Structure formats: C-alpha cells, structure tokens
There are 2 protein chains.
Amino acid sequence: MTDILIVEDEKELADLLCDFLRAENYTVSVAQTGEKALSLYEKYGARLIVLDIMLPGMDGFAVCRKIREESNTPILIVSAKTEKEDKLNGLVLGADDYIEKPYDIDIMLAKISGIFKRRYAVDEIIDGDICINKVSRTVYKNDIPIEMTPKEIDLLLLLIENKGKTLTKEFLFNQIWGSDSFSEQQTLTVHIKWLRQKIENDAKKPLRIQTVWGVGYKYEGI
Amino acid sequence: MTDILIVEDEKELADLLCDFLRAENYTVSVAQTGEKALSLYEKYGARLIVLDIMLPGMDGFAVCRKIREESNTPILIVSAKTEKEDKLNGLVLGADDYIEKPYDIDIMLAKISGIFKRRYAVDEIIDGDICINKVSRTVYKNDIPIEMTPKEIDLLLLLIENKGKTLTKEFLFNQIWGSDSFSEQQTLTVHIKWLRQKIENDAKKPLRIQTVWGVGYKYEGI
DNA sequence: ATTTCCATGTTATACTTATGTCACAACAAT
DNA sequence: ATTGTTGTGACATAAGTATAACATGGAAAT
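Definitions and limits used
Residues numbered from 1 in each chain as written. Chains lettered and ligands numbered in written order. Predicted model: local features only at pLDDT ≥ 70, side-chain atom pairs only at ≥ 80, totals over all residues. Heavy atoms only, no water. Helix = DSSP H or I, 4+ residues; strand = E, 2+ residues; numbered from the N terminus. Buried < 20%, exposed > 50% of the residue type's maximum accessible area, 1.4 Å probe, protein only. Areas by Shrake-Rupley, 256 points an atom, 1.4 Å probe, with all protein chains shown as cover. Pairing = 2+ DSSP bridges. Axes fitted to C-alpha atoms, helices over the stretch in contact; angles between N-to-C directions. Contact = heavy atoms within 4.5 Å. Parallel < 35°, antiparallel > 145°, perpendicular 65-115°, else oblique. Left-handed = near helix turned anticlockwise from the far one by under 90°. Nonpolar A, V, L, I, M, F, W, Y, C, P; charged D, E, K, R; others polar. Near = heavy atom within 4 Å. Polar contact = N/O pair within 3.5 Å; in protein donor to acceptor, adjacent residues only side chain to side chain. Salt bridge = Lys/Arg side-chain N within 4 Å of Asp/Glu carboxyl O. Core = buried A, V, L, I, M, F, W, Y, C linked by side-chain atoms within 4.5 Å. Domains from an automatic or database assignment.

1. Concerning the overall build of chain A
Step number 1: Looking only at helices and strands, chain A has eight helices and 12 strands in total.
Step number 2: In chain A, which comprises 222 residues, the proportion classed as buried is 46%.
Step number 3: As displayed, chain A offers around 12,000 Å² of accessible surface, 52% of which is attributable to carbon and sulfur atoms.

2. A look at the sheet that holds strand 1 (residues 2-7) of chain B
In any sheet, the strands associate via hydrogen bonds between backbone groups, in a parallel or an antiparallel arrangement.
Residues and elements named next belong to chain B.
Step number 1: Here five strands make up an open sheet; going across it, the order is 2-1-3-4-5 and the pairing parallel. Looking at the sheet topology across the chains shown, the edges are occupied by strand 2 (28-31) and strand 5 (97-100). Neighbour-to-neighbour, the strand axes of this sheet turn through a mean angle of 20°, independent of strand direction.
Step number 2: The sheet strands contacting helix 5 (residues 105-120) are strand 1, strand 3 (46-52), strand 4 (75-79) and strand 5, and the helix crosses strand 3 at an angle near 145°.

3. Things to note about the packing of helix 6 (residues 150-160) of chain B against helix 7 (residues 169-177) of chain B
All names here are of chain B.
Step number 1: Contact geometry for helix 6 and helix 7: axes closest at 10 Å, N-to-C directions at 135°. For the element pair helix 6 / helix 7, the angle class is oblique. With respect to the hand of their crossing, helix 6 and helix 7 are arranged in right-handed fashion. Here helix 6 contributes Lys151, Asp154, Leu155, Leu158 and Leu159 to the contact with helix 7, which in turn contributes Phe171, Leu172, Gln175, Ile176 and Trp177.
Step number 2: Of the residues assigned to the contact of helix 6 with helix 7, the class counts are seven nonpolar, one polar and two charged.

4. Regarding the protein's contact with DNA strand D
Step number 1: Taken together, 24 residues sit near DNA strand D, with Lys169 and Gln186 of chain A together with Lys169, Gln186 and Tyr217 of chain B positioned nearest.
Step number 2: A share of 62% of the atoms of DNA strand D within 4 Å of the protein falls on sugar and phosphate groups.
Step number 3: Between a phosphate oxygen of DNA strand D and a side-chain N or O atom of Thr211 of chain A, the distance comes to 2.8 Å.
Step number 4: Tyr217 of chain B is positioned with one of its side-chain polar atoms (N or O) 2.6 Å from a phosphate oxygen of DNA strand D.
Step number 5: Looking at the surface near DNA strand D residue by residue, the class counts come to eight nonpolar, nine polar and seven charged.

5. Here's the deal with the pattern of salt bridges
Residue and element names in this part refer to chain B.
Step number 1: All chains considered together, the criterion is met by 27 salt bridges over all chains.
Step number 2: A salt bridge links Glu8 to Lys101, with the shortest nitrogen-to-oxygen separation between them at 3.3 Å. Here Lys101 lies in the loop between strand 5 and helix 5 and Glu8 lies in the loop between strand 1 and helix 1 (11-23), a separation of 93 residues in the sequence. For the pair shown, Glu8 and Lys101 are each scored as buried.

6. What about the nonpolar core?
Step number 1: Among the nonpolar cores identified, the biggest contains 48 residues, and Ile49, Leu51 and Leu159 of chain B are the most heavily contacted of them.
Step number 2: The dominant element in this core, judged by the number of residues it contributes, is helix 6 of chain B, at seven residues.
Step number 3: For this core, the two domains that each supply at least three residues are domain 1 (2-120) and domain 2 (124-219) of chain B.
Step number 4: The next biggest cluster of nonpolar side chains, apart from the first, holds 25 residues, and it includes Ile146, Ile160, Trp177 and Ile192 of chain A.

7. Some points on unusual backbone geometry
All names here are of chain B.
Step number 1: Of the consecutive residues Lys101 and Pro102, the connecting peptide bond is found in the cis state with omega at -5°.
Step number 2: For Pro102, the location among the structural elements is in the loop between strand 5 and helix 5.
Step number 3: Despite not being glycine, Arg137 has its phi angle at roughly 55°, a positive value.
Step number 4: For Asp143, which is not a glycine, the phi torsion comes out positive at approximately 70°.
Step number 5: The topology assignment puts Asp143 in the loop between strand 8 (138-141) and strand 9 (144-146).

8. Section: the environment of Asn201 of chain A
Step number 1: Structurally, Asn201 of chain A is set in the loop between helix 8 (186-199) and strand 11 (209-212).
Step number 2: Within the local environment of Asn201 of chain A, its side chain forms a polar contact with the side chain of Lys141 of chain A, the two groups lying 2.6 Å apart.

Any link to function would need more than the numbers given here.
Structure follows, in structure tokens:
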C-alpha cells in the first residue's frame with residue numbers, strides 16, 4: 001500500500017510535495033485527475049489522500065465522496081478557494097483536515113505527520129523475540145511475560161521507539177525523570193543495567209541496548 | 001553548541017520567540033546586533049541562525065555573508081521589507097529560508113522545525129566510500145563500521161558538513177572544545193591525525209582532510 | 001501499628017576508553 | 001638555512017561506564 005496519494009493537477013506542485021514527502025520516508029504516488037486517483041486507490045490503496053478540490057473533470061468533492069463510500073482512509077483537502085462553504089463541505093464529507101493554497105510546505109508536512117500519528121499509532125511493538133504492549137504495559141520475551149517496573153518500561157519504550165537512534169543521557173534522563181529531578185547520571189546507568197539483565201540474551205554483551213560512549217545509549221533492532 | 005541563534009534588535013520579539021523555542025527544547029541564544037551575533041557564533045556556534053535583516057550598525061546581509069565565509073550553517077532570514085530584492089538578496093547569499101515580519105509564530109516554528117529536519121535529520125551523509133549515520137552516530141567505510149570516539153565524530157561532521165570550506169583552527173577548536181577550553185593547538189592536530197588514520201585511504205597522503213597551511217583544515221569531497 | 005516487600009535512588013569502587021600533553025621529527029615558506 | 005607550522009608516537013591522566021551492595025520510602029499485608 002502507498003503511504004500517500006497526492007491528487008493534484010499542477011504537476012510541478014505535486015512533484016515538489018512528492019520530493020519533500022519522500023525525503024521523510026513516505027511512499028508517494030501522484031494522480032493528476034480524479035479518475036486516475038480513484039483507479040490508483042482501487043489498485044494500490046493509500047494510507048492518506050492529499051486531495052486538491054479544483055481538478056479538471058471530476059472534482060475533489062466527488063472523489064472524496066467516492067472514497068468515503070468504501071473506506072475511512074484519511075483525506076486532507078487542499079483548496080485554492082478561501083470560501084467558507086468549501087471548508088465546511090470538505091469536512092462534512094469526511095475529510096480529516098483542510099489546508100489552503102498556497103500552503104507553506106512545513107505546515108503541510110506537520111499536518112500530514114499529525115494525521116499519521118493520530119491514525120496509525122501502534123500499540124504493539126515487536127523486535128525479534130521481544131514484544132511490548134504499550135496499552136497494557138507488558139513485555140514478553142519469547143512469549144513469556146517479563147516483570148518490569150514502570151521506569152524500566154518507560155526507558156525501554158523510549159529507546160525502542162527511537163530504534164537505531166542514539167539518545168543522549170541528558171535526553172533520556174529528562175524524558176524519564178523530568179528535567180527538574182535532582183538525581184542524576186548514575187541512576188540512569190543503573191536502570192540501563194537492570195533493563196539489560198531482563199531483555200538481553202547475554203547481559204555481559206548487550207546487543208540491543210548499546211552504549212554510545214560519551215553520548216548515551218541506542219537500541220539496535222535485531 | 002547552541003541550537004538556535006536569534007539575531008534581532010527588538011528585544012521583546014526576540015524574547016518571545018526565544019520562549020517558544022525553548023518550550024520545544026531547542027537551546028537558544030540571542031544577539032541584538034550583528035557584531036554580537038558574529039562573536040557569539042565564533043564562540044559557541046549554532047545549528048541555525050534566525051537573522052533579522054534590519055539591524056542597527058552592521059546589517060543582516062553582512063552578517064549572512066560573514067557567516068557564509070566560514071560555514072554552511074543554515075540561516076533563516078527575517079525581514080519587514082516586502083520588496084522582492086530582499087528575498088532574492090537573502091536567498092542568493094545562501095540563506096535557507098525566508099519569512100516576513102510580522103510573522104505568525106506557528107509558521108515560524110514550522111519553518112524552523114522543517115529546517116532542522118531537512119538539515120539535521122539527514123541520517124546519512126555519504127562521500128565516496130565513507131558513510132556517516134548521524135542519528136546512530138556510526139561511521140562506515142566500504143560498509144564496514146569504523147569505531148569512532150565522540151570527538152572524532154564531532155570533528156568529522158563539522159568538516160564534512162562544510163565540505164570544500166576551509167575552517168580555521170580557531171573555529172574548529174571553539175566548535176568542538178568550546179572557546180573557554182584550556183587546552184589548545186596541538187590537541188586539534190592530534191585529533192586530526194587520528195581521524196585521518198581512520199578515514200583516509202593513505203594516512204600519509206590525506207585526500208579528504210586537507211591541511212590549509214597557516215589557516216586550518218578543509219574536507220574535500222571525493 | 002508493625003512488618004514486609006519492592007521499586008527506586010545512592011554510593012563506592014573497579015574498570016574501560018577517550019583525551020590531552022609533551023618532546024621531537026618532518027615539513028613548507030621565505 | 002632558518003623559522004614557524006604541522007605531524008607523530010609514547011605516555012599520563014581525565015572522563016565515562018558497569019557493577020555490587022546498601023539506603024530509603026511508600027504500599028500492601030498482617
């Protein structure tokens with residue numbers, strides 16, 4: 001499935017947006033007419049549709065209605081018209097958000113990332129033999145539940161949700177303990193140690209939670 | 001290094017922006033004149049400069065030019081003038097974006113976060129057979145990971161992100177060690193040496209990190 | 001009330017790695 | 001050749017991290 005389907009007849013504008021989105025690791029496809037959009041959607045689906053209202057032939061409203069007949073795929077309406085009726089019309093039709101042309105590219109990106117977050121946030125994270133359920137806050141290793149203290153889960157989630165990223169000790173500390181906390185430094189390393197004992201196969205040679213010397217820690221996926 | 005250096009003579013405006021940015025966890029410093037800005041930049045560096053054009057004394061364009069002489073740090077121009085020439089001037093000078101006064105704070109924040117994403121969330125910098133992953137802070141040569149110390153990575157990044165530009169020893173030193181550091185001179189050359197041993201094909205004839213005699217070093221792309 | 005238990009912090013110490021310094025060699029520029 | 005600058009290797013030290021053992025304080029159990 002494609003992440004984002006852009007429906008826009010101005011090719012340059014579509015391409016520009018496309019570039020920015022791909023730079024943020026979305027997969028993107030572009031349709032220049034409503035008809036094309038529907039057929040692409042039929043064929044490949046999409047997680048989000050960025051839909052210009054003003055289209056040659058079949059207009060954006062019609063596309064929106066058609067898509068809503070069969071799914072709840074989020075739709076972000078783009079329109080050059082500033083009239084209120086459009087805004088209303090779009091949202092009533094089931095669009096999830098609205099942006100006016102000409103738009104600032106950063107605002108557009110922020111809106112899109114917001115929609116993805118709200119709509120596609122996951123509550124189960126799996127990495128190798130580890131599985132974390134964010135809702136129940138339970139951790140399984142090889143399907144066997146592991147007792148975790150709140151702080152441990154917080155720390156693990158923070159690391160695993162930034163898999164591959166090096167997080168500074170300061171950042172980790174502020175996120176878990178709050179920047180106004182008194183305790184420091186060693187507290188973090190001690191908790192890292194406990195976490196390793198629970199999730200690493202060999203706590204002596206941690207593969208998952210790796211030390212980045214002088215900086216912090218990072219979680220490496222398996 | 002500071003995240004954002006605001007150059008703005010209207011103190012209230014600067015403070016306001018400053019507060020918003022700090023709330024988003026950027027570190028911020030403010031300069032009210034061009035001269036102050038340059039000296040702050042020399043001393044502490046910055047990841048982004050938000051630069052008002054209309055300044056008492058040395059104007060924004062001059063500041064922009066000066067900074068461009070020694071680095072590629074992104075610059076966001078702020079201007080009350082709406083004339084096109086400004087826009088051009090600013091962008092030609094190498095500014096990365098442009099915003100008009102009075103600006104909407106949300107747009108400003110979106111632009112800034114956009115610049116940070118595009119510029120610093122670039123995971124990978126590739127140059128020939130060298131690949132640096134900034135988020136995980138790992139360096140690969142021919143896909144083989146190379147062990148790097150924090151200072152080495154900092155130094156390499158600073159050089160490679162200003163590819164082709166000669167960075168003075170003083171600038172390099174201030175950026176990596178901080179201008180208040182005691183140690184000096186030889187420390188830098190020693191670190192350069194270590195870096196060369198790790199990334200040059202022939203450490204005796206360094207191609208990437210070139211010595212600019214009497215001035216400093218520059219990274220030459222392959 | 002008292003005890004027990006457990007998550008969490010703290011501290012001291014061993015250990016590992018990075019960093020800075022120095023003396024001297026090599027080098028470019030004049 | 002002389003001078004100032006840069007490169008090098010050996011070494012000392014500083015800084016960061018891991019670990020174990022212990023302290024604390026609140027919640028649950030008795």
